[in-house]
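Analysis of the macromolecular model
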Amino acid sequence: MMRYFNALILILLVGMSLQTLSVPAAFAITAEEQLADPELEARARDLSKQLRCLVCQNQSIDDSDADLAKDLRAEVRKQLLSGADDQTIMADLQEKYGDYVLLNPPVSVATIGLWATPILALLIGGGLIVLNRRRVKQSPPQSAQDLSENTAEKPVSVKTMHAGTPGTPILAITASFCIIAAGAIYWFVLGSPSLPSQPLSQRASEISQDASQAEALLAEKQKAYTAAKDATLRAPENIGSWLELALAAAELGRMDDELNALRTALSLTGEDAGIKSMLAEALTRSAEGQVIPEARQLIAEVLAENGREPRALFLSGLAAMEDGAYKRAVDNWRYLIEISPSDAPWLVVVRKNLQEAADRAGIELKTDSDSSNLPVLSQESLSAAAEMSPEERLEMIEGMVVRLRERLENAPSDSAGWQRLARAYTVLGQPEEALKALVSASEAAPGDLKLQLAVLEQLMLAGQAGDRSQTSDQALANEVLVRALAVNAEHPELLFFAGHFARQEGDKDKARFYWVKLLDTIPQTSETARLLQAELDKLAR
Amino acid sequence: MARSLTHFLPLLLFVCFASIASVALIMTLSGERKLSELPSALIGKPVPVTELPSLSNPQAFIKIEATTATPYLVNFFASWCAPCRAEAPALAILGKQIDIIGVAYKDKPEDSRKFLADFGNPYRAIGIDNDGAAGLNWGVYGVPETYLISKDGIILKRHAGPIDGDILRDEFLPLIRSLQDRE
């Protein structure tokens, strides 16, 4: 035990001496600040090292480049020149800036814990060691009782025991060495004051590189803008080039150009809702977030045409906020979130705004965790797809579908995700995969009656097309029916499907049972009732 | 008994230390304890008597004195300081309730004037602290900083950083109201 303890002390001592030996290489002080009198300057430097820069907080004012540190250095030197002694200067600064300005905190009631902790730790540690040794001397080594106790408490340590010492937990010692070693490594890499400084002058090239990069980016934007402008001059009828010009102008912050380009594009398309909402957004941006009357007019027109246009919905929420109609803003943004693809780029902003509107309106928002941040099939990637060749587009969509599928296989309870996958497969012309995904969606949400009905409908259509294995579909249909009937056994559409699949299975009684029940729920004189009656008659034969 | 005590003492000490550290960490993470917020040395002490050239009339001087008729605020600002723009609305509200003396900290007078023209002038009087010497006397470590001073010239409150709506509502307004009610 003692040996380990000695080694520990040695490590600590070596660490400490290294710290005192190494002198920080960086000085923030400049030549013109220094005093002519070398003795006074030395005192100034000495004082500066004891004063904290209140801006950087972990540097002395001697080290810091901050403005305040410079002021404080000047103040110290001014007072030195006027003949003040070191204590007076420190006391004066302490009075203005508090104890915090001193890098060595004074011993006071508030800081006594800080100063006493190391001494207490040493005393307690030493006391424990002395106590341990004393007990070892007193108790006879390896007495039967001792051994059994040790074995019971620390079986690992019995073998490594020194004669007479109580059990040495080898694990604990290894662990503490690891911690100390890790701490030492960490300190040498990141904490050591002997680390080379990174003065501004040496980083100049790095900084100028950053600056030139920013410049290049700007030039590139400028170029894009000029190119777009040329394109509109060459082909003033081309709506696309006007939209490109609007984008390029927006990048450069040329508000007027952007508005002009959008207005031109709008007049060329007639009344395109998408461009209208873009224009409304640009107008709002140009009014620093205020939804001006012209923008409101545009938003109203867009929403009248397409109530699901995200940009217009968002702006209309903003307009409502501006009018103090927080409830309306909440409704607007809630709806927008509901209809947005779950990875839409605007969701973050909308959610934040929604929260604020809800706070103002005093509405408690229900947190829904299921539809957050799914990385596939976004509006943005779909619109990117619009610019590709058909083969590329197909490839991209297929890639996205594969990724979505992989993700869903790991999280099969995401019903909405499965439904999206089903839609994607339908777009790709793979109805069998689409059906499979739909079935998974219905399994993930057994309480969703609509979803179950959709599966049943697809199964029925597939069965009628006759290109699928009847028996596996039949089993599948029965499963879905059980789920759906558990939700609502009276639903007319469901009753119809139940009868259809019972007949297909050959269970005429069951089919009759469901259809008779269905017949009771619909008006006797309707066309459906007549057709159903005919089917029932066929069953009876 | 003695044996079990010596066994558990280190563990006990560790648990004490760990709980103190956890409380501090939790408070920091929840924003209750702000690492950048520094303790103020001057609270409860008399104002450092300050005399500064006036911004509106460079021949005249603004004097911040030990006793006045009413409580007032001293606000250090600068045109180059972005948070000062952010607190302009809050100062406009405060300016209607209490006198504010502005100190243009390390700022060119023409820049200060333009700043006031752009963002409003809530101040009853403005002094120019060209080299930051007054700031040093007040223990300013960054603009904006705002001090509330009682009519006896005692610093009651100091706020470093911009005054936002919450700080205005929860800290300054109640304090000012209670001061004014007392009269």
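Residues numbered from 1 in each chain as written. Chains lettered and ligands numbered in written order. Predicted model: local features only at pLDDT ≥ 70, side-chain atom pairs only at ≥ 80, totals over all residues. Heavy atoms only, no water.

**Re the overall build of chain B**
From N to C terminus, chain B includes 6 helices and 7 strands. Ordering the α and β elements of chain B from the N terminus gives α-β-β-β-α-α-β-α-β-α-β-β-α. In chain B, buried positions account for 41% of the 183 residues. Summed over its atoms, the accessible surface of chain B is roughly 9,900 Å², and 62% of this surface lies on carbon and sulfur atoms. (Helix = DSSP H or I, 4+ residues; strand = E, 2+ residues; numbered from the N terminus. Buried < 20%, exposed > 50% of the residue type's maximum accessible area, 1.4 Å probe, protein only. Areas by Shrake-Rupley, 256 points an atom, 1.4 Å probe, with all protein chains shown as cover.)

**Side note on the packing of helix α13 (residues 310–322) of chain A against helix α15 (residues 347–361) of chain A**
Helix-helix packing is described using two parameters, namely the angle between the two axes and the distance between the axes. Residue and element names in this part refer to chain A. Two elements in contact, α13 and α15, have axes whose closest approach is 11 Å; the angle formed by their N-to-C orientations is 25 degrees. Here α15 runs roughly parallel to α13, going by the angle between their axes. Crossing hand, α13 versus α15: left-handed. Counting all contacts with α13, which are made through F314, L318 and M321, the residues of α15 involved are V349, V350, N353, E356, A357 and R360. Partitioning the contact of α13 with α15 into residue classes produces 6 nonpolar, 1 polar and 2 charged. (Axes fitted to C-alpha atoms, helices over the stretch in contact; angles between N-to-C directions. Parallel < 35°, antiparallel > 145°, perpendicular 65-115°, else oblique. Left-handed = near helix turned anticlockwise from the far one by under 90°. Contact = heavy atoms within 4.5 Å. Nonpolar A, V, L, I, M, F, W, Y, C, P; charged D, E, K, R; others polar.)

**What about the pairing of strand β6 (residues 145–149) of chain B?**
Residue and element names in this part refer to chain B. Here β6 lies mainly inside the structure; 5 of its 5 residues are buried. Residues of β6 alternate between two faces, with E145, Y147 and I149 on one and T146 and L148 on the opposite face, all of them buried. Relative to strand β7 (residues 155–160), β6 is paired through 5 bridges, and the arrangement is antiparallel. By the bridge assignment for β7, T146 is matched with H159. The loop that links β6 with its antiparallel partner β7 comprises 5 residues; one of these, G153, has a positive phi angle of about 80 degrees. (Pairing = 2+ DSSP bridges.)

**Some remarks on the state of the cysteines**
All names here are of chain B. Within the structure shown, the criterion is met by 1 disulfide over all chains. The side chain of C81 participates in a disulfide bridge whose partner is C84; the two sulfur atoms lie 2.1 Å from each other. Judged by the sign of its S-S torsion, about 95 degrees, the cystine formed by C81 and C84 is right-handed. (Disulfide = S-S within 2.5 Å.)

**A word on the confidence of the model for chain A**
Residue and element names in this part refer to chain A. Looking at chain A, pLDDT values average 78 and 81% of them are 70 or higher. Confidence drops under pLDDT 50 across residues 19–26; counting only partners more than four residues distant or on other chains, this segment forms 8 contacts. The model gives residues 368–378 a pLDDT under 50, and that stretch makes 24 contacts with residues more than four places away or in other chains. (pLDDT = per-residue confidence, 0-100.)

**Considering empty space enclosed by the protein**
Where empty space is left can be seen by rolling a probe of water-molecule size over the atoms. A complete count under the given rule lists 2 cavities of 30 Å³ or more for this structure. Estimated volume of the largest cavity: approximately 80 Å³. Along the walls of the largest cavity sit 15 residues, with K96 of chain A together with S40, A41, G139 and R158 of chain B positioned nearest its centre. Listing elements by their share of the lining of the largest cavity, those giving two or more residues are α4 (86–97) of chain A together with β7 of chain B. Of the residues contributing to the lining of the largest cavity, the split by class is 11 nonpolar, 2 polar and 2 charged. (1 Å grid on protein atoms, 1.4 Å probe; cavity = no way out; pocket = protein on both sides within 12 Å on 5 of 7 lines; lining within 4 Å. Points joined across faces, edges and corners; volume = space filled by probe spheres on them.)

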